[in-house]
Structures are given as structure tokens and as C-alpha cells.
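Residue strings, one per chain:
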Amino acid sequence: MILVHHPEDVFYTRDNKESDSPKCALLDWGVDLEEFYKTYGTFDLIIGADLIFWTELEGAAEPLFQTVSKLLSKSPNSMFVMCYHVRLEKLNQIIRHTANNFNLWCAELSGDDLPTACSDILSNNPLQLLTFSPKDADIII
């Protein structure tokens, strides 16, 4: 597990030699992806919340999905889960369009797909919960 955050707020943790403990790394979307990839590899699950804001619509999703496309493994069950507050309907279109440009399938999770406690939160707030998976996932037959 790698914990990453935007460059202004990098997490601090003690060096822990145990292999199952989380590690922290700086990840600036779209920047030095090859180096990050060589160090950490790909991930079967990437989780993000409130990653794009309506005030930065123009081109804001491209570095995010460039990063996800590079770091999400091609296994059939790999997934990027993204939750955000719907502040502008146009953002939904931009996110789906940009994900498609980076070869990612997009699916919306509804309250019916979630435990009751979670679906209650989604029904009372303008939150969007999306999953993305690679269109070119390795198919095991």
C-alpha cells in the first residue's frame, strides 16, 4: 500500500521495515510517472476522493487519468474508485470523457450497490461514486 497526496501535503511516517506497513510517496499527477512506476509498479486498487474541483475544470482531469492509466494494473479486477461532490454537472461529463480518452471504462455506483449506511449518505448528499477499469485488461481464459 502506498499513501500519496498532493505535493503541498505530503504525509510523514516513520521508516518501518515491515513489508506490510503502508509507505508514503510523493505523486504529482502526470509528473515523473515513469520513475514512480519503476519504483512502485502498478496497483490493483486506487482510491481517490475530491480530486477535481469545479473551479479547475479546464484540463484538470487529464493529469489525473494519465496517472491512473499508467499506474492501474491490467488485471481483470483492477479498479480506480473515485468519489466527489457534484458541484457542477459539466464535471461529470468531463470526467467520463477524459477517462475514456485514457482507455478506462467508467461505471457509476448507485445506493443500491452499497451497504445501507453508505447509500443513506449518497442519497442525502450530491456525491458521485464512480469506478474505472482498464479497457485493455488482461483477460484470463
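One can find the structure itself at the top, above this paragraph.
Residues numbered from 1 in each chain as written. Predicted model: local features only at pLDDT ≥ 70, side-chain atom pairs only at ≥ 80, totals over all residues. Heavy atoms only, no water.

Would you mind showing me how to read the packing of aromatic side chains here?
Each pair of aromatic rings is reported with the distance of its centres and the angle of its planes. Evaluation of the coordinates by the stated rule reveals 4 aromatic pairs. Residues Phe36 and Tyr40 carry aromatic rings whose centres are separated by 4.6 Å and whose planes lie at 45° to one another, so their mutual orientation is tilted. Here Phe36 pairs with Tyr40, and both are found in helix H1 (residues 33-40), just 4 residues apart, close to one helical turn. For Phe36, a relative accessible area of 7% puts it in the buried group. Ring geometry for Phe65 versus Phe80: centroids 6.0 Å apart, planes at 75°, classification edge-to-face. In this pair, Phe65 is assigned in helix H2 (residues 61-71) and Phe80 in strand E4 (residues 79-85), connecting sequence segments 15 residues apart. In this pair, the class of Phe65 matches that of Phe80, namely buried. Taken together, the ring pairs connect Phe65, Phe80 and Phe132 into an aromatic cluster. Between Lys70 and the ring centre of Tyr37, over which it is positioned, the NZ or CZ distance is 4.4 Å. (Phe/Tyr/Trp six-rings, centres within 6.5 Å; stacked < 30°, edge-to-face > 60°. Helix = DSSP H or I, 4+ residues; strand = E, 2+ residues; numbered from the N terminus. Buried < 20%, exposed > 50% of the residue type's maximum accessible area, 1.4 Å probe, protein only. Lys NZ or Arg CZ within 6 Å of the ring centre and 35° of its normal.)

Sorry if this is basic, but what is going on with the side chain of Ser73 here?
Checked against the element boundaries, Ser73 lands in the loop between H2 and E4. A polar atom in the side chain of Ser73 sits 3.2 Å from the side chain of Ser75. If we skip the residues at most four places from it in the chain, Ser73 touches Thr42, Phe43, Asp44, Ser78 and Pro134. (Polar contact = N/O pair within 3.5 Å; in protein donor to acceptor, adjacent residues only side chain to side chain. Contact = heavy atoms within 4.5 Å.)

How should the pattern of salt bridges be read in this particular structure?
Once the charged atoms of two side chains with opposite charge are near each other, the side chains can pair. One pass over the full model with this rule turns up 3 salt bridges. Here Glu34 makes a salt bridge to Lys70, at a shortest N to O gap of 2.8 Å. Of the two residues, Glu34 is situated in helix H1 and Lys70 in helix H2; the sequence distance between them amounts to 36 residues. Using a relative accessible area of 38% as the deciding quantity, one classes Glu34 as partly exposed. Judged by its relative accessible area of 28%, Lys70 falls in the partly exposed class. Salt-bridge contacts for Lys74 lead to Asp136; the nearest nitrogen and oxygen are separated by 3.6 Å. Taken together, the residues Lys74 in the loop between H2 and E4 and Asp136 in the segment after strand E6 (127-134) connect sequence positions 62 residues apart. Exposure remark for Asp136: the relative accessible area of 38% places this residue in the partly exposed category. (Salt bridge = Lys/Arg side-chain N within 4 Å of Asp/Glu carboxyl O.)

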